[in-house]
Structure formats: structure tokens, C-alpha cells
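So the chains spell out like this:
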Amino acid sequence: MVLKWLTGNPGSRSKRMMWSVVLLLMCMAPLFTTPFRLGLLTKFLALAILAVGLDLIWGYGGILSLGHGVFFGLGAYAMAMYLKLDASGASLPDFMGWSGVTALPWFWEPFRSFPAALLLGMLLPALLALILGFFTFRNRIVGVYFTILTQALVMIVVTLFVGKQEWTGGTNGLTGYNSILGFNLNAPSTKIGLYFITLAALAGAYILCRRIVNSRVGQVLEASRDGENRVRFLGFDPSRYKTFAFAVSGGLAGLAGMLFVLQVGIISPSMMGIVPSIEMVLWVALGGRGTLIGAIIGAVLLNAAKTGISEAYPEGWLLVLGALFVIVVVLMPKGLTGLWSKVVSSLSRRGGTVHAAVREES
């Protein structure tokens, strides 16, 4: 396998070498970054996991979801519930006491266990995506109608989480925890450990989605994106493949939410609303949908830009976000990866022309 990796075509080898260098630099990041900047990078990588899953359904399946904030939030709340119970010990979480709750709700009980919280953090959003996808795709609800439906899902869930303050913490969300499994979340060693865990999770998410894309599932997804009726005429049921991909994407969003809350230390309904869900789509659009690696690039770069602009000009981020929407749609429909491919192709053609001219003169 290593020999095959080394003896592939030159273009493929150069790309692999480039990404190997990038991965090596990522592994060395804790050596030349401050704990604060490392924490930010960890957060960006966690969000990139969500972007990869979103690219799977949008870039390859043509399924535009503006409701991934819900799946992200469910995963984040699952981990936050475990952390809150662990921090509260034998007592009820503080916000429940303020709301007059005298006994822990039954659906909080499983989250006393870390393995259960970890499993439910991915299973619950995947299950919700599976149910939603089953009923919508089977009834051929696609395109803008599906997008509107996912936005409605966001509004319903956010309203529910805000209204049930005694169960969810309301608009304040869940916070007030600083340790996991006995490790201080603010300790530099814990932050380094979380960084490598997040980096490994991102690599695993990328490999999983790449395998799906290269399998028959991915081929049917792409064919359905380009002509769903033709796929049906060939004897395939596109709804099954779309539902599967949507469930995988939801599960990855939940995983991203869990890793995110470990780094940030808070999750609230505002983080799973419509605006964050639109930002998630922009990550993929900016990086280049239908590439997977572009989704990672877009998520990291855009969130890094958001942090930098917010630090220098707190009120200007929304203006930049709107401008990016216009630029991507009008000038870069294939995102940064598409722009890069165009530049490389142009330079290659120019180099070939120059080489041919030199040969003719000689």
C-alpha cells in the first residue's frame, strides 16, 4: 500500500506530499502557539468536522440544509449535560434549583455516564436527521422546500430550548463546568490533549466521508444531485441514499458540537439558531463544495477571520459575512479550491505553451 502511495501519478504524489506536510505542521502546532491560540484552533477544527458532513450532503447530494445548527446543538447539549451533572455532584444543577425543580428529569439520568453522553451526542442528532430525511426524501421534498423545512426545524428547537428553562437553562444555556473525567479543561496539558483528539476526529470524519463519496452511495448521491428521475429509472431509490448521508452528516455535526463545548465551556440556544446555520453553509461555499477538503479550509479560514475581525472591529463581522456571501456567489461559485484549481490549470497551460515555443525555436 505504501509502494502504491509512492508510485502514483506525479500530480497525485505532489498533493499527498503537500497534505502530509500540512498534517505534520498541524501536529506540531502546540509547539509554536500559545494555549489561547491553540484553543481557538481546536475550536476551528471541531467546526470543520461539521463542515465536512455538510459538504457530504450539499456538495455531493445537492441537499442544502440550513438546520445543521440543531444537530450541532444536540451534540453540544449532550456533552454539556454530562459536564454539568459531573460539576454538580449529588446536587441538582443550579439553574434547576432557581426554576423550582426538585428532582432531576428522567431524560437527564443517562447523561451521568460519560460513555452514554458520548454515544447520545452523536446518536440523537443522527436519529433526528434520519427521521427527518426519511419522511422528506421519501415524499420527494427537495430543493428550496427542504431548505425551508430545515429552517423551520431550527426555529422550533430553539424556541423549545429557550422556553424550557428549567430543563435546558433557557437563553443562558449550560455553563459552569471546568473539568472532564478529572482533568481540568483549562489546564494547558488538557488543551493539548483535546487538540489532538479533535484533530484525530477531523481526520476520521474526512476519511469516512471520502470513503462514502468513493463508494456506490456517493455515486448515487452525485447522480441524484444531477438527475434524480434518471436515477429512479435505473432502479435506484435516491431517498434511501439521501437519508443515509443526511444521518451521517447529522451525527458528525453532533460530534463537532461535543468537541466544541469542551473547548468553549458553554452552549446556548443562540449557538444553534438560524444565523449560525447559515454561517455553516458559507464555510462550505467559501472553501468549495463537493471537495471535502475545501469544507475544512473554508471552516478554518472563515472562523479565523471572524475571530480576527471581531477582535479589531466587533460590529463589523456581519457586514463582512454579507459581503462574503455576495463575493462567493458572484465571483467564486466553486470556492477557494475551485479558484486554486483554475490558477494551477492556467499556469500549467502557460508553462506548456512556453515549453512548446522553446522547442520550436530550438
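Residues numbered from 1 in each chain as written. Predicted model: local features only at pLDDT ≥ 70, side-chain atom pairs only at ≥ 80, totals over all residues. Heavy atoms only, no water.

**Section: a nonpolar patch on the surface**
Turning to step 1, where the next piece is worked out: On the surface, Val-21, Leu-24, Leu-25, Met-28, Leu-31 and Phe-32 cluster together into a nonpolar patch covering about 620 Å² of accessible area.
Turning to step 2, where the next piece is worked out: Only α2 (10-27) and α3 (29-32) provide two or more residues apiece to the nonpolar patch.
Turning to step 3, where the next piece is worked out: Of the residues forming the nonpolar patch, the biggest block, 3 residues, is contributed by α2.
Turning to step 4, where the next piece is worked out: Examined against the element boundaries, Phe-32 turns out to sit in helix α3.
Turning to step 5, where the next piece is worked out: The exposure class assigned to Phe-32 is exposed, which follows from its relative accessible area of 54%. (Patch = residues over 30% accessible without salt bridge, like charges linked within 9 Å, V, L, I, M, F, W, Y side chains within 5 Å. Areas by Shrake-Rupley, 256 points an atom, 1.4 Å probe, with all protein chains shown as cover. Salt bridge = Lys/Arg side-chain N within 4 Å of Asp/Glu carboxyl O. Helix = DSSP H or I, 4+ residues; strand = E, 2+ residues; numbered from the N terminus. Buried < 20%, exposed > 50% of the residue type's maximum accessible area, 1.4 Å probe, protein only.)

**Side note on helix α5 (residues 68-88)**
Turning to step 1, where the next piece is worked out: Counted at 1.5 Å a residue, the expected span for α5 with its 21 residues is 30 Å, and the 30 Å between its end C-alpha atoms agrees.
Turning to step 2, where the next piece is worked out: Among the 21 residues in α5, 18 count as buried, and that is most of the element.
Turning to step 3, where the next piece is worked out: Just downstream of α5, Gly-89 is the residue with a positive phi angle, here 70°. (Expected span 1.5 Å × (residues − 1).)

**Section: the pattern of salt bridges**
Turning to step 1, where the next piece is worked out: Per the stated rule, a full pass over the model turns up 8 salt bridges.
Turning to step 2, where the next piece is worked out: A salt bridge links Glu-222 to Arg-225; the shortest N-O distance between them is 3.7 Å. Here Glu-222 pairs with Arg-225, and both are found in helix α11 (residues 216-233), just 3 residues apart, close to one helical turn.
Turning to step 3, where the next piece is worked out: Its relative accessible area of 27% is what places Glu-222 among the partly exposed residues.
Turning to step 4, where the next piece is worked out: The class of Arg-225 is partly exposed, set by a relative accessible area of 33%.
Turning to step 5, where the next piece is worked out: Where Asp-226 meets Arg-225, a salt bridge forms, and the shortest distance between an N and an O atom there is 3.1 Å.
Turning to step 6, where the next piece is worked out: A single salt-bridge network, built from bridges that share partners, covers Glu-222, Arg-225 and Asp-226.

**Overview of the layout of surface pockets**
Turning to step 1, where the next piece is worked out: Within this model, the second largest pocket holds a volume of roughly 470 Å³.
Turning to step 2, where the next piece is worked out: Along its surface, the second largest pocket is lined by 17 residues, and Leu-74, Phe-107, Leu-124, Leu-160 and Phe-161 are the ones closest to its centre.
Turning to step 3, where the next piece is worked out: Elements that contribute at least two residues to the lining of the second largest pocket include exactly α5, α7 (114-138), α8 (143-163) and α9 (165-168).
Turning to step 4, where the next piece is worked out: Classifying every residue of the lining of the second largest pocket by side-chain character gives 15 nonpolar, 1 polar and 1 charged. (1 Å grid on protein atoms, 1.4 Å probe; cavity = no way out; pocket = protein on both sides within 12 Å on 5 of 7 lines; lining within 4 Å. Points joined across faces, edges and corners; volume = space filled by probe spheres on them. Nonpolar A, V, L, I, M, F, W, Y, C, P; charged D, E, K, R; others polar.)

**Observations regarding the packing of helix α4 (residues 35-58) against helix α13 (residues 274-287)**
Between two packed helices, what matters for the description is the angle formed by their axes and the separation of those axes.
Turning to step 1, where the next piece is worked out: Direction vectors running N to C along α4 and α13 enclose 75°, while the axes themselves pass 9 Å from each other. Taken together, the axes of α4 and α13 lie roughly perpendicular to each other. The segment α4 lies against α13, with Leu-47, Leu-50, Ala-51, Leu-54, Asp-55 and Trp-58 engaging Met-280, Val-281, Trp-283, Val-284 and Ala-285.
Turning to step 2, where the next piece is worked out: For the contact of α4 with α13, the residue count by class is 10 nonpolar, no polar and 1 charged. (Axes fitted to C-alpha atoms, helices over the stretch in contact; angles between N-to-C directions. Parallel < 35°, antiparallel > 145°, perpendicular 65-115°, else oblique. Contact = heavy atoms within 4.5 Å.)

**Brief notes about the packing of aromatic side chains**
How two aromatic rings sit relative to each other is given by the distance of their centres and the angle of their planes.
Turning to step 1, where the next piece is worked out: Tallied over the full model, the rule gives 13 aromatic pairs.
Turning to step 2, where the next piece is worked out: Pairing Phe-137 with Phe-246 gives two aromatic rings, centres 6.0 Å apart and planes at 80°, and the pair type is edge-to-face. Placement of Phe-137 in helix α7 and of Phe-246 in helix α12 (residues 238-264) is noted, with a sequence separation of 109 residues between them. Both residues of the pair, Phe-137 and Phe-246, count as buried.
Turning to step 3, where the next piece is worked out: For the ring pair Phe-236 and Tyr-241, a centre distance of 6.3 Å and an interplane angle of 70° mean the geometry is edge-to-face.
Turning to step 4, where the next piece is worked out: On the accessibility criterion, Tyr-241 (16% relative accessible area) is buried.
Turning to step 5, where the next piece is worked out: Aromatic rings pair up to connect Phe-71, Phe-137, Phe-146 and Phe-246 into one cluster.
Turning to step 6, where the next piece is worked out: Positioned above the aromatic ring of Trp-167, the side-chain terminus of Lys-164 is 4.8 Å from the ring centre. (Phe/Tyr/Trp six-rings, centres within 6.5 Å; stacked < 30°, edge-to-face > 60°. Lys NZ or Arg CZ within 6 Å of the ring centre and 35° of its normal.)

**Topic: the environment of Gly-75**
Turning to step 1, where the next piece is worked out: As for its placement among the helices and strands, Gly-75 is situated in helix α5.
Turning to step 2, where the next piece is worked out: Accessibility expressed as a relative area gives 0% for Gly-75, which makes it buried.
Turning to step 3, where the next piece is worked out: Separated by 177 residues in sequence, Gly-75 and Leu-252 place their C-alpha atoms 9.1 Å apart.
Turning to step 4, where the next piece is worked out: The residues contacting Gly-75, other than those within four sequence positions of it, are Gly-121, Gly-254, Gly-257 and Met-258.

**Brief notes about the nonpolar core**
Turning to step 1, where the next piece is worked out: The biggest cluster of nonpolar side chains holds 97 residues, and the ones touching the most others in it are Ile-49, Met-79, Trp-108, Leu-174, Phe-246 and Trp-283.
Turning to step 2, where the next piece is worked out: Among the elements that make up this core, the one with the highest residue count is α4 (14 residues). (Core = buried A, V, L, I, M, F, W, Y, C linked by side-chain atoms within 4.5 Å.)

**Focus: the environment of Tyr-82**
Turning to step 1, where the next piece is worked out: Secondary-structure assignment places Tyr-82 in helix α5.
Turning to step 2, where the next piece is worked out: The buried category is assigned to Tyr-82, whose relative accessible area is 6%.
Turning to step 3, where the next piece is worked out: Between the C-alpha atoms of Tyr-82 and Ile-180, which are 98 residues apart in sequence, the distance is 8.9 Å.

**Let's talk about unusual backbone geometry**
Turning to step 1, where the next piece is worked out: Unlike most non-glycine residues, Arg-140 shows phi in positive territory, near 60°.
Turning to step 2, where the next piece is worked out: Relative to the helices and strands, Arg-140 resides in the loop between α7 and α8.
Turning to step 3, where the next piece is worked out: One non-glycine residue, Leu-292, lies in positive phi territory at about 65°.
Turning to step 4, where the next piece is worked out: By the element assignment, Leu-292 lies in the loop between α13 and α14 (293-312).
Turning to step 5, where the next piece is worked out: For Leu-292, a relative accessible area of 0% corresponds to the buried category.

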